[in-house]
Amino acid sequence: MNQQQQLEDLETRVAFQEDTLDKMSTEMAQQGVEIERLTRIVKVLHQQLKQVAPDQNSAPDEESPPPHY
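Residues numbered from 1 in each chain as written. Predicted model: local features only at pLDDT ≥ 70, side-chain atom pairs only at ≥ 80, totals over all residues. Heavy atoms only, no water.

Q: Could you give an account of the overall build of the protein chain, naming the residues involved and the relevant values?
A: Each helix and strand in the protein chain was counted, giving one helix and zero strands. With an accessible surface of roughly 6800 Å², the protein chain has 57% of that area assigned to carbon and sulfur atoms. (Helix = DSSP H or I, 4+ residues; strand = E, 2+ residues; numbered from the N terminus. Areas by Shrake-Rupley, 256 points an atom, 1.4 Å probe, with all protein chains shown as cover.)

Q: Which residues make up the pattern of salt bridges, and what values do they have?
A: For the coordinates displayed, the defined rule picks out two salt bridges. Here Glu34 and Arg37 are joined by a salt bridge, their closest N and O atoms 2.7 Å apart. Of the two residues, Glu34 and Arg37 both sit in helix 1 (residues 3-52), three residues apart, roughly one turn of that helix. Owing to a relative accessible area of 34%, Glu34 belongs among the partly exposed residues under this scheme. (Salt bridge = Lys/Arg side-chain N within 4 Å of Asp/Glu carboxyl O. Buried < 20%, exposed > 50% of the residue type's maximum accessible area, 1.4 Å probe, protein only.)

Q: Can you lay out a nonpolar patch on the surface for me, pointing to particular residues and giving the numbers?
A: A contiguous nonpolar surface patch, about 240 Å² in accessible area, is contributed by Leu38, Ile41 and Leu45. Looking at where Ile41 falls in the secondary structure, it is placed in helix 1. Among the residues examined, Ile41 registers a relative accessible area of 35% and is labelled partly exposed. (Patch = residues over 30% accessible without salt bridge, like charges linked within 9 Å, V, L, I, M, F, W, Y side chains within 5 Å.)

Following this line, the structure appears as structure tokens:
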């Protein structure tokens, strides 16, 4: 393999790696946006749950045992 062929091979690899990095970067940015969206949804659902059933959010230690104990 001559130097010209080696150089072309390296250029091809670098181009492929750059493309892969660009795709990964785009995907990570989209995942970041999705995580933020899901975090907001969880917060809203948590607030709604507190409003609907405030008694249900107590710690298990604070609850009395069921009557059959």
